[in-house]
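Coordinate analysis (summary)
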Amino acid sequence: MTVTEEKYLPTEILQKAIVSGNEYGWKRTDFKEVVDKAVEVGLGIIGGQVQFKLQDGTCELYWHKYDTTDRKLDENWKDYCQRTKEECLSQFEKIPTDKKLIREGIENFDFLKEKSKTNIELSDFLIFILYFNDLETDLENV
């Protein structure tokens, strides 16, 4: 988990997260709540992408993303957070259904194709990675 997530996101949101390396993702059903809470606690949304995270492998559908644009020079922090929330959610709404993502994953990754032939339910391993920005880090990068 990044310092930003540890420092800002409330426990109830972190407990819903699924760890993928040093990234955190959430189920589709939790996505909007996570983004809302992140902005509520003062985080900007950088974006993220779709992953299948299994115990023995990760497959990233990197072409399905919901990235936001950088903070504008004259944009105050609160406006930036709100804008990135809206950008992220708008893009997220265009992400295909879980069923379509699973089909795409199977078509693109032999690993998932093999897993789909077992009793495993791939939807249990479908997550949506999110990255955040905090004001302190943003100011350090100016």
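All figures in this text were calculated on a predicted structure; none of them were measured in a lab.

**Quick look at the side chain of Thr68**
Residue placement: Thr68 occurs in the loop between strand 5 (57-65) and helix 4 (77-92). Residue class for Thr68 comes out buried when judged on its relative accessible area of 13%. Within polar-contact distance, the side chain of Thr68 engages the backbone oxygen of Ile45 at 2.6 Å.

**Some words on the nonpolar core**
Ranked by internal contacts, the top residues of the largest apolar core, which has 35 residues, are Trp26, Phe31, Phe52, Tyr66, Phe128, Leu130 and Phe132. Among the elements that line this core, the one with the most residues is helix 4, at 6 residues.

**Some points on the pattern of salt bridges**
Summed over the entire model, instances satisfying the criterion amount to 10 salt bridges. Put simply, Lys16 and Asp30 hold a salt bridge, and the shortest N to O gap is 3.9 Å. Of this pair, Lys16 sits in the loop between helix 2 (11-14) and strand 1 (18-20) while Asp30 sits in helix 3 (residues 28-40); the two residues are 14 residues apart in sequence, bridging distant segments of the chain. For Asp30, a relative accessible area of 15% translates into the label buried.

**Notes on the pairing of strand 2 (residues 23-26)**
Every second residue of strand 2 is oriented toward a common face, with Glu23 and Gly25 on one face and Tyr24 and Trp26 on the other, all of them buried. For strand 1 and strand 2, the ladder comprises 3 bridges, and the chain directions are antiparallel. Within the sheet, the bridge partner assigned to Ile18 lies in strand 2 and is Gly25. Once strand 1 ends, the chain turns through 2 residues before running back antiparallel as strand 2, passing Gly21 with a positive phi of about 65 degrees. Two strands pair when backbone bridges link them, and strand 2 and strand 6 (residues 126-134) are joined in this way by 3 bridges, in the antiparallel orientation.

**Concerning helix 3**
Compared with an ideal rise of 1.5 Å per residue, which puts 13 residues at 18 Å, helix 3 spans 19 Å between its outermost C-alpha atoms and is within 8% of the ideal. Where helix 3 is concerned, the buried positions are Asp30, Phe31, Val34, Val35, Ala38 and Val39. Projection of helix 3 onto a plane perpendicular to its axis shows the buried side chains occupying an angular sector of 165 degrees, all on one side. Facing away from the buried side of helix 3 by over 90 degrees, the exposed positions are Thr29 and Glu40. On its buried face, helix 3 is in contact with helix 2, strand 2, strand 3 (43-47), helix 4 and strand 6.

Criteria and cut-off values
- Residues numbered from 1 in each chain as written.
- Predicted model: local features only at pLDDT ≥ 70, side-chain atom pairs only at ≥ 80, totals over all residues.
- Heavy atoms only, no water.
- Helix = DSSP H or I, 4+ residues; strand = E, 2+ residues; numbered from the N terminus.
- Buried < 20%, exposed > 50% of the residue type's maximum accessible area, 1.4 Å probe, protein only.
- Polar contact = N/O pair within 3.5 Å; in protein donor to acceptor, adjacent residues only side chain to side chain.
- Core = buried A, V, L, I, M, F, W, Y, C linked by side-chain atoms within 4.5 Å.
- Salt bridge = Lys/Arg side-chain N within 4 Å of Asp/Glu carboxyl O.
- Pairing = 2+ DSSP bridges.
- Expected span 1.5 Å × (residues − 1).
- Arc of directions from axis to C-beta.
- Contact = heavy atoms within 4.5 Å.

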